[in-house]
Amino acid sequence: MTTPTNPRLRYVYAVCRPFDGVLPEGAAGIAGDPPRLLHHDDLVAVVGSVPAEEFDEGPLRARLEDLDWLADTARGHDAVLAALTTVTSPLPLRLATVCRDDSGVRRLLQEGHDRFVRALDRLDGRVEWGVKVYAEQVADAPAPATREPVPAGAAGAAGSGRDYLRRRLRERNGREDGMRRADAVARTLHERLSGHAEAAALHQPQDPRLAGGTAGVNVLNAAYLVGRDRSEAFVGLVGESSGDGVRVELTGPWAPYSFAGIAEEDPA
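Residues numbered from 1 in each chain as written. Predicted model: local features only at pLDDT ≥ 70, side-chain atom pairs only at ≥ 80, totals over all residues. Heavy atoms only, no water.

**Comments concerning the confidence of the model for the chain**
Okay, so step 1: Counting all residues, the mean pLDDT for the chain is 81, and 75% of those residues have values of 70 or more.
Okay, so step 2: Taken element by element, the predicted model of the chain shows its lowest mean pLDDT in helix H6 (residues 155-196) (72) and its highest in helix H4 (residues 102-111) (95).
Okay, so step 3: Taken as a whole, residues 138-148 scores under 50 in pLDDT and shows seven contacts with residues more than four places along the chain or in a different chain. (pLDDT = per-residue confidence, 0-100. Helix = DSSP H or I, 4+ residues; strand = E, 2+ residues; numbered from the N terminus. Contact = heavy atoms within 4.5 Å.)

**Re the sheet that holds strand S9 (residues 246-254)**
Okay, so step 1: With antiparallel pairing, four strands are arranged side by side in an open sheet as S7-S8-S6-S9. Edge positions in the open sheet fall to strand S7 (199-202) and S9, since each of these has one partner strand only. Each strand axis lies, on average, 20° off the axis of its neighbour in the sheet, ignoring direction.
Okay, so step 2: Across 10 bridges, the pairing between strand S6 (residues 126-135) and strand S8 (residues 217-227) is antiparallel. In the strand pairing of S8, arginine 126 is matched with glycine 227. (Pairing = 2+ DSSP bridges. Axes fitted to C-alpha atoms, helices over the stretch in contact; angles between N-to-C directions.)

**Looking at the pairing of S6**
Okay, so step 1: Burial runs high along S6: 10 of the 10 residues are buried.
Okay, so step 2: Every second residue of S6 is oriented toward a common face, with Arg126, Glu128, Gly130, Lys132 and Tyr134 on one face and Val127, Trp129, Val131, Val133 and Ala135 on the other, all of them buried.
Okay, so step 3: Taken together, the seven bridges between S6 and S9 define a ladder with antiparallel strand orientation. Across the sheet, residue valine 133 finds its bridge partner in S9, namely valine 248. (Buried < 20%, exposed > 50% of the residue type's maximum accessible area, 1.4 Å probe, protein only.)

**So, helix H5 (residues 113-123)**
Okay, so step 1: Every buried residue belonging to H5 is among Phe116, Val117, Ala119, Leu120 and Leu123, and all of these are buried. Angular distribution of buried residues about the axis of H5 spans 165°; they occupy a single face of the element.
Okay, so step 2: Next to the buried residues of H5 lie strand S1 (8-16), strand S3 (43-51), strand S4 (91-92), H4, S6 and S8.
Okay, so step 3: Following H5 by one or two positions, glycine 125 has its phi on the positive side, about 75°. (Arc of directions from axis to C-beta.)

**Structural notes on helix H3 (residues 67-85)**
Okay, so step 1: Over its 19 residues, H3 extends 26 Å from the first C-alpha to the last, a length consistent with the 27 Å expected when each residue adds 1.5 Å.
Okay, so step 2: Within H3, burial applies to Trp69, Thr73, Gly76, His77, Val80, Leu81, Ala83, Leu84 and Thr85. (Expected span 1.5 Å × (residues − 1).)

**Describing the side chain of threonine 88**
Okay, so step 1: Tracing the chain through its elements places threonine 88 in the loop between H3 and S4.
Okay, so step 2: For threonine 88, a relative accessible area of 13% translates into the label buried.
Okay, so step 3: Look past the residues within four positions of threonine 88 in its chain and what remains in contact with it is Cys16, Arg17, Phe19 and Arg228.

**Thoughts on the packing of aromatic side chains**
Okay, so step 1: Evaluation of the coordinates by the stated rule reveals five aromatic pairs.
Okay, so step 2: Between the aromatic rings of tyrosine 11 and phenylalanine 55, the centroid separation amounts to 5.8 Å while the plane-to-plane angle is 85°, which identifies the pairing as edge-to-face. With tyrosine 11 in strand S1 and phenylalanine 55 in helix H1 (residues 52-55), this pair connects stretches of sequence that are 44 residues apart. In this structure, tyrosine 11 and phenylalanine 55 share a single accessibility class: buried.
Okay, so step 3: On the numbers, 5.6 Å between centres and 55° between planes, the contact of tyrosine 224 with phenylalanine 234 is tilted. (Phe/Tyr/Trp six-rings, centres within 6.5 Å; stacked < 30°, edge-to-face > 60°.)

**Details of the pairing of S3**
Okay, so step 1: Among the nine residues in S3, nine count as buried, and that is most of the element.
Okay, so step 2: Relative to S3, S1 runs antiparallel, the two being bridged by eight bridges. Opposite cysteine 16, over in S3, you have valine 44 as the bridge partner.
Okay, so step 3: Pairing of strand S2 (residues 36-40) with S3 involves five bridges; the strand directions are antiparallel. Counted as the bridge partner of leucine 38 is alanine 45 from S3.
Okay, so step 4: Hairpin connection of S2 to S3: two residues between the antiparallel strands, including aspartate 41 at a positive phi of 55°.

The following block contains the structure:
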């Protein structure tokens, strides 16, 4: 039997229940291959075809160290999930979940059947919203330029030094006040949003360098699982929360990435 020169693997984006209709247009998929639906019993896998030279175990390990390739793959993955979320409530799978062929995808569905069903039961009719709270801070004043020594006892030099120290102290106190305000807003907002959501997940605060260093200090980075029918009220709660020196950022609705492991949690 001849071995194909360019073997293709199966990339699995998500698992969902059967639904009416087809995937919306516009989700080109990774490697330009439009996703399709693979049915197995009462579950559906959303799959695409990807080249083995990139996604087989050995090449994939190396590719995951390539940040440009990883970003492109993540964008393609997210685009498919975003399209899927408009027509059903999917269970997102990890980035670069790959099977050898359709039979491998069916085995994945069979072996994980009970876990997938529990997760889909909890995610049905729900989406993820992301909320970040930032303490917006004024940039530190530049350090004083190097100067020639000033004779001891010069009143002007002493006055300049005291003014500089007072200015730095005011800046430091302002930053501390801003952080306290932002922290208070974050705590209150998280409590209110958690009460409105069905589940919440706290993530590590975002490094300001990832936002170009202009976003301030991230004091809350959270995700919330919210029923579609309650999303409008949820968005309204977030919109009431920004204040002086505090910025609240809302993103979504997303496929429930942060709650993909919810089947392992206690439903209570």
